[in-house]
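Structure at a glance
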Amino acid sequence: MSRRSKKAAPAQRAARPAVTVCRGCCCGTSKVPRLDHEAQLADLCTSLAAVATIRRTDCLDACERANVIVIQPSAEGRQAGGRPVWLGQVNDPGAVADITTWVKNGGPGLADPPYVLDLHTFNPSRRVRHELDD
């Protein structure tokens, strides 16, 4: 058997968008006061269960922007040019509602995000982006 055949097949791209919610050392803690972090996550899970994969993860290493949520495009969205969108300081119900609406409309590559999400968008370091992709 050759080395090439021993390698795992490349991962299939998600048929649905993925919403990764950081709940590590800073996100989801008292560092962000006056926010019910579990209710925020539950709201996303309930609202998007039919259209997206919701993942809770440990620290995404963007602690200064707590709470961080990453929206990854579906396979169709990626083919249309969509790329993961990192959102920071998602600390109010309005932002979660805007994320929900956007993902229900298709997410990155398939629908334009509400303009207010521009206030939350940021670019993490390449190392951090690479770790999420793994």
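As shown above, the structure is provided for reference.
Just so it is clear, the structure is predicted and the values come from calculations on it, not from any experiment.

1. Thoughts on the overall build of the protein chain
- Along the protein chain, the regular secondary structure elements total 5 helices and 5 strands.
- Along the protein chain, helices and strands appear, N-terminal first, in the series α-β-α-β-β-α-β-α-β-α.
- When each of the 134 residues of the protein chain is scored for burial, the buried share is 40%.
- Pairs at least 24 apart in sequence give 71% of the contacts found in the protein chain among residues at least 6 apart.
- Only carbon and sulfur atoms are counted for the fraction: they give 49% of the accessible area of the protein chain, which is about 8100 Å².

2. Topic: the nonpolar core
- Among the nonpolar cores identified, the biggest contains 18 residues, and V19, I69, I71 and I99 are the most heavily contacted of them.
- Looking at this core, the elements with two or more residues in it are β1 (18-22), α2 (37-48), β3 (69-72), β4 (85-87) and α4 (93-104).
- Of all the elements, α4 adds the most residues to this core, at 5 residues.
- Not counting residues up to four positions away in its chain, the partners in contact with I71 are A18, V19, R83, P84, V85, L87, I99, W102, V103 and P108.
- Formed by 13 residues, the second largest nonpolar core is a distinct cluster that contains C26, A62, A66 and W86.

3. Comments concerning α4
- Along its 12 residues, α4 runs 16 Å from first to last C-alpha, staying within 8% of the 16 Å computed at 1.5 Å per residue.
- For α4, every residue scored as buried is listed here: A95, V96, I99, T100, W102 and V103. Burial along α4 is one-sided: seen end-on, the buried residues are contained in an arc of 165°.
- Of the surrounding secondary structure, the elements contacted by the buried residues of α4 are β1, α2, β3 and β4.
- For α4, the N-terminal capping position is held by D92, with its side-chain oxygen 3.0 Å away from the main-chain nitrogen of G94.

4. Observations concerning the pairing of strand β2 (residues 53-57)
- Pairing analysis gives 5 bridges linking β1 to β2, with the strands arranged parallel. Of the residues in β2, the one forming a bridge with V19 is I54.

5. A closer look at the environment of K104
- Within the secondary structure layout, K104 lies in helix α4.
- Expressed as a C-alpha distance, the spacing of K104 and S47, which sit 57 residues apart in the sequence, is 8.8 Å.
- Not counting chain neighbours up to four residues away, the residues in contact with K104 comprise S47, L48 and V51.

6. Looking at the pairing of β1
- Among the 5 residues in β1, 5 count as buried, and that is most of the element.
- Note that the unit made of β1, α2 and β2 has a crossover that is right-handed.
- Pairing geometry for β1 and β3, over 4 bridges, is antiparallel. Across the sheet, residue V21 finds its bridge partner in β3, namely I69.

Cut-offs used in this document
Residues numbered from 1 in each chain as written. Predicted model: local features only at pLDDT ≥ 70, side-chain atom pairs only at ≥ 80, totals over all residues. Heavy atoms only, no water. Helix = DSSP H or I, 4+ residues; strand = E, 2+ residues; numbered from the N terminus. Buried < 20%, exposed > 50% of the residue type's maximum accessible area, 1.4 Å probe, protein only. Contact = heavy atoms within 4.5 Å. Areas by Shrake-Rupley, 256 points an atom, 1.4 Å probe, with all protein chains shown as cover. Core = buried A, V, L, I, M, F, W, Y, C linked by side-chain atoms within 4.5 Å. Expected span 1.5 Å × (residues − 1). Arc of directions from axis to C-beta. Polar contact = N/O pair within 3.5 Å; in protein donor to acceptor, adjacent residues only side chain to side chain. Pairing = 2+ DSSP bridges. Right-handed = clockwise from strand over helix to strand, strands pointing away.

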